[in-house]
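# Summary of the model geometry
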Amino acid sequence: MAGRVEGKVAFITGAARGQGRSHALKLASEGADIIAVDICAPFEDLEYPAATEEDLAETVRQVEALDRRIVASVTDIRDAEALTKAVDDGVAQLGRLDIVVGNAGICHVGAWDKVTQKQWQDTLDVNITGTWNTVRAGAPHLIAAGGGSIILTSSAAGLVGLPFLTPYVASKHAVTGLARTFAAELSRHHIRVNSLHPTGVETPMGAMGNAFGPLLEQDPRLGAMMGNMLPIAATQPEDQSNAVLFLASDESRYVTALAMTVDAGTTQL
């Protein structure tokens, strides 16, 4: 039986590890070839280790082990020219583009008055401008293919105002808005655009959740906002990838402008 995205090509940002690698493997296991990019470099003051070129090479190895093609490059999504070139080169090698997964993002944890100007700007540059660049690089190829699916990773923090995440919350609310406006403008090309809203995910970024402890000790009232309705601490990357697969496949052919939560109910608390 053919896979759910058999014969399609997916472009994924932040693909070296975590959710990005999981998305690449999920789509590849269902028949897609992959264009993968990641910056593979650290950011100043980031509380968790950055992905590496070795991580990206491991994503390539695992996708190829599924007998799918992959074109990978070390690319900064803030650099529109470099990102467009990476996508164009991937399409030239793989023949088309059908799916865009704007997954790359960064996050700082801290009280509102401790956020530095650089942390604020880096977060907005990656999470908003990088996502904007991702759609701008990929959408022309989807138009040429006659349609497709764009999935932008927002967050539960893109729907509610979680504390101690000021730059992240601002940027992820913006991603939610980008998905909705791109959905409206690209609909005439049969392109669907949806946003994905995870709760915590067990990835290197997700592991920094321990940083909330000391902050919540200062204001315990806010602790309830950081929990899940379902009795779990965090989701697995594959839980999010299952949603990406659905939104990428023809099973969701009439689903667009949706803010899809895979959040264990946290946005309803």
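The numbers attached to residues start from 1 for each chain and follow its sequence in the written order. Whole-chain, interface and lining totals are the exception, using all residues; otherwise, since this is a predicted model, local features are given only for residues with pLDDT of at least 70 and side-chain atom pairs are given and counted only at 80 or more. As a convention, hydrogens and water are excluded, and side-chain values are obtained from all of the structure's heavy atoms.

- The protein is annotated in an unreviewed UniProt entry as Mycofactocin-coupled SDR family oxidoreductase from Kineosporia babensis.
- UniProt positions are given in the numbering used here, feature names are shortened, and annotations may be inferred rather than shown by experiment. Listed in UniProt under the heading Sequence similarities (unreviewed entry), the comment for the protein reads: "Belongs to the short-chain dehydrogenases/reductases (SDR) family."

### Focus: the overall build of the protein
- Of the regular secondary structure elements, the protein holds 7 helices and 7 strands.
- Computation of the radius of gyration draws on C-alpha atoms, with the globule rule given as 2.2 Å multiplied by the number of residues to the power 0.38. Relative to a compact globule of 269 residues, whose C-alpha radius of gyration would be 18 Å, the protein shows 18 Å and is just as compact.
- Based on the C-alpha atoms only, the size of the protein along its principal axes is roughly 55 × 35 × 35 Å.
- Burial classes follow relative accessibility: with a 1.4 Å probe on protein chains only, a residue under 20% of its type's maximum area counts as buried, one over 50% as exposed, and anything between as partly exposed. Put simply, the protein has 269 residues, and 52% of those count as buried.
- In the protein, the share of contacts with a sequence separation of at least 24, taken over all contacts with a separation of at least 6, comes to 78%.
- Roughly 11900 Å² of accessible area belongs to the protein as shown, and the carbon and sulfur atoms make up 53% of that amount. Per the convention used, a helix needs a DSSP run of H or I reaching at least four residues, while a strand needs a run of E reaching at least two, with both numbered from the N terminus. We call two residues contacting when some pair of their heavy atoms lies within 4.5 Å. Using a 1.4 Å probe, accessible areas were evaluated by the Shrake-Rupley method; residue-level cover was limited to the displayed protein chains.

### A few points about the layout of surface pockets
- Cavity and pocket criteria rest on a 1 Å grid covering protein atoms alone: a 1.4 Å probe that fits but cannot get out defines a cavity, protein on both sides within 12 Å along at least 5 of 7 lines defines an open pocket, and an atom within 4 Å of a point defines a lining residue. Grid points are joined across faces, edges and corners, and a volume is the space filled by probe spheres set on the points. By volume, the second largest pocket is sized at about 180 Å³.
- Forming the walls of the second largest pocket are 13 residues, and the residues nearest its centre are Lys8, Gly147, Gly148, Ser149 and Asp250.
- For this classification, the nonpolar set comprises Ala, Val, Leu, Ile, Met, Phe, Trp, Tyr, Cys and Pro, the charged set comprises Asp, Glu, Lys and Arg, and every other residue, Gly included, is treated as polar. A per-class count over the lining of the second largest pocket returns 3 nonpolar, 4 polar and 6 charged.

### So, the environment of Ala24
- Within the secondary structure layout, Ala24 lies in helix 1 (residues 18–29).
- Each C-alpha atom, one on Ala24 and one on Thr59, is 7.8 Å from the other, the two residues being 35 residues apart in sequence.
- Aside from chain neighbours lying at most four places away, what touches Ala24 is Ile12, Ile34, Thr59 and Val63.

### Observations concerning the sheet that holds strand 3 (residues 70–74)
- Strand order in the open sheet formed by 7 strands is 3-2-1-4-5-6-7, with parallel pairing between adjacent strands. The strands lining the two open edges of the sheet, one partner per strand, are strand 3 and strand 7 (259–262). Here the strands of the sheet are splayed against their neighbours by 15 degrees on average, with no regard to which way each runs.
- By the bridge criterion, 3 bridges tie strand 1 (residues 9–13) to strand 4 (residues 99–102) in an arrangement that is parallel. The residue bridging Phe11 from the neighbouring strand is Val100, located in strand 4.
- Angles run from 0 to 180 degrees between N-to-C directions of axes, and those axes are lines fitted to C-alpha atoms, restricted for helices to the stretch in contact. In the packing of helix 3 (residues 80–94) onto the sheet, contacts are made with strand 1, strand 2 (33–38) and strand 3, and the angle to strand 2 comes to roughly 160 degrees.
- Across the sheet, helix 4 (residues 117–145) lies against strand 1, strand 4, strand 5 (148–153) and strand 6 (191–198), angled at about 170 degrees from strand 5, the strand it touches most. Any two strands between which DSSP finds at least two bridges are classified as paired.

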